[in-house]
Amino acid sequence: DILPDYTKHVLSFSKHKIKKMKIVIDAGNGMGAWISNRIFNHFPQIEVIPIYFELDGNFPNHVPNTADYKNYQELSKLVLKHRADFGISFDGDADRAGFVDEKGKVIEGSISGACLAQYLLMKNNGGKVVYSSTCSKSLVEAIVWSGGKPLIEKVGHSFIKARMRKERAIFGVENSGHYFYKDNSYADSGIITAVFMCQA
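Position numbers for residues count from 1 along each chain, tracking the sequence in the order it is written. Since the coordinates come from a predicted model, pLDDT governs what is reported: local features require at least 70, and pairs of side-chain atoms require 80 or more to be given and counted, while whole-chain, interface and lining totals use all residues. The basis for every side-chain value is the complete set of heavy atoms in the structure, and neither hydrogens nor water enter the calculation.

Colleague: Sorry if this is basic, but what is going on with the packing of helix 1 (residues 3-11) against helix 7 (residues 190-199) here?
Modeller: The axes of two packed helices give the description: the angle between them and the distance between them. Lines fitted to the C-alpha atoms define the axes, with helices restricted to the stretch that makes contact. Angles between their N-to-C directions range from 0 to 180 degrees. Helix numbers and strand numbers start at the N terminus; a helix is a DSSP run of H or I with at least 4 residues, a strand a run of E with at least 2. Packing of helix 1 against helix 7 brings their axes to within 10 Å, and their N-to-C directions diverge by 35°. Between helix 1 and helix 7 lies a crossing of right-handed hand. Together, Tyr6, His9 and Val10 of helix 1 and Ile191, Ile192 and Val195 of helix 7 make up the contact between the two elements. Here the residues of the contact of helix 1 with helix 7 sort into five nonpolar, one polar and no charged. Each crossing gets its handedness from the near helix: less than a right angle anticlockwise from the far helix is left-handed, clockwise is right-handed. Note on contacts: a residue pair is in contact if any heavy atoms of the two residues lie within 4.5 Å. In this classification, Asp, Glu, Lys and Arg are treated as charged, Ala, Val, Leu, Ile, Met, Phe, Trp, Tyr, Cys and Pro as nonpolar, and every other residue, Gly included, as polar.

Encoded structure:
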């Protein structure tokens with residue numbers, strides 16, 4: 001059973017204080033539910049409002065695709081209804097994470113990446129960030145403003161990860177909601193992204 005070790009690994013990214021908050025999580029009947037329960041139980045200051053946490057590979061409620069904004073409708077409604085701080089959407093295997101703000105508005109992938117980049121660069125006193133060519137200029141500006149070095153790369157996780165390893169970059173961004181971390185073997189992770197966003 002690797003779950004205890006994996007949980008410990010994810011929690012190793014929560015080195016900074018997380019304030020009291022309320023978040024809505026849409027797991028889309030995918031694996032985000034399976035791991036979210038185990039991770040967020042370690043943060044009693046976070047109230048989680050779950051949506052579609054029943055594991056079902058037929059995905060009866062909506063396709064768990066964070067790149068398609070129509071899949072955020074229920075998440076946006078519940079963020080507003082419960083006056084949550086923000087909402088998180090996972091794709092089917094939970095390697096991607098998407099977000100909506102406190103007004104229920106979908107946050108475009110580059111903007112979420114900019115927020116995470118600023119946080120990680122400040123905590124690491126700078127570093128390199130690899131981003132895909134489809135990301136917006138705002139991400140590049142945020143990286144530079146935070147003392148980082150932006151490195152553009154072809155679209156595709158294999159290209160991003162290879163470039164990160166070559167450059168020893170601390171963070172990688174794809175507009176689709178894939179976020180990559182040096183300390184996660186340069187791999188992407190929706191749940192680690194969620195933990196970082198709570199800290200940010």
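Colleague: Teacher, can you tell me more about the packing of aromatic side chains here?
Modeller: The relation between two aromatic rings is expressed through the spacing of the ring centres and the mutual angle of the planes. Aromatic rings from Phe, Tyr and Trp, with only the six-membered ring used for Trp, were paired whenever their centres fell within 6.5 Å, and each pair was classed as stacked if the ring planes differed by under 30 degrees, edge-to-face if by over 60, and tilted otherwise. Per the counting criterion, the structure on display carries eight aromatic pairs. Between Phe13 and Phe196, the aromatic rings sit 5.7 Å apart at their centres with planes inclined by 80°, giving edge-to-face as the arrangement. Within this pair, whereas Phe13 is found in the loop between helix 1 and strand 1 (21-26), its partner Phe196 is found in helix 7, the two being separated by 183 residues in sequence. We note that Phe13, like Phe196, is buried. The rings of Phe13, Tyr119, Phe171, Tyr179, Tyr181 and Phe196 are connected pair by pair, giving a single aromatic cluster. Relative accessibility thresholds used throughout: buried, under 20% of the residue-type maximum; exposed, over 50%; partly exposed, between the two (1.4 Å probe, protein chains only).

Colleague: Can you help me understand the pairing of strand 3 (residues 86-90) in this one?
Modeller: Look at any regular strand and the pattern is simple: side chains alternate between the two faces of the sheet. Strand 3 sits mainly inside the fold: five of its five residues count as buried. Burial along strand 3 is two-sided: Phe86, Ile88 and Phe90 facing one way and Gly87 and Ser89 facing the other are all buried. Sheet analysis places strand 1 next to strand 3, joined by four bridges and oriented parallel. Note that in strand 3 the partner of Ile23 across the bridge is Phe86. For two strands to be treated as a pair, DSSP must find no fewer than two bridges joining them.

Colleague: Sorry, what's going on with helix 5 (residues 137-145) here?
Modeller: Structurally, the α-helix is built with 3.6 residues per turn, so residues lying three or four positions apart point the same way. Among the residues making up helix 5, those that are buried are Leu139, Ala142 and Ile143. Seen end-on, helix 5 carries its buried residues on one side only, within an arc spanning 100°. In helix 5, those exposed residues whose orientation departs by more than 90 degrees from the buried face are Lys137 and Trp145. Looking at the buried positions of helix 5, the neighbouring elements they touch are helix 4 (109-123), strand 6 (127-132), strand 7 (148-153) and strand 8 (171-173). Gly147, located one to two residues past helix 5, shows a positive phi value of around 85°. What the arc measures is the spread of directions leading from the helix axis to the C-beta atoms.

Colleague: Even after reading the chapter, I still don't get helix 3 (residues 73-81), so can you show me in this structure?
Modeller: Within helix 3 the residues assigned to the buried category are Leu75, Ser76, Leu78 and Val79. For helix 3, the secondary structure elements touched by its buried residues are strand 1, strand 2 (46-51), strand 3 and strand 4 (97-100).

All we've got here are geometric facts, nothing functional implied.
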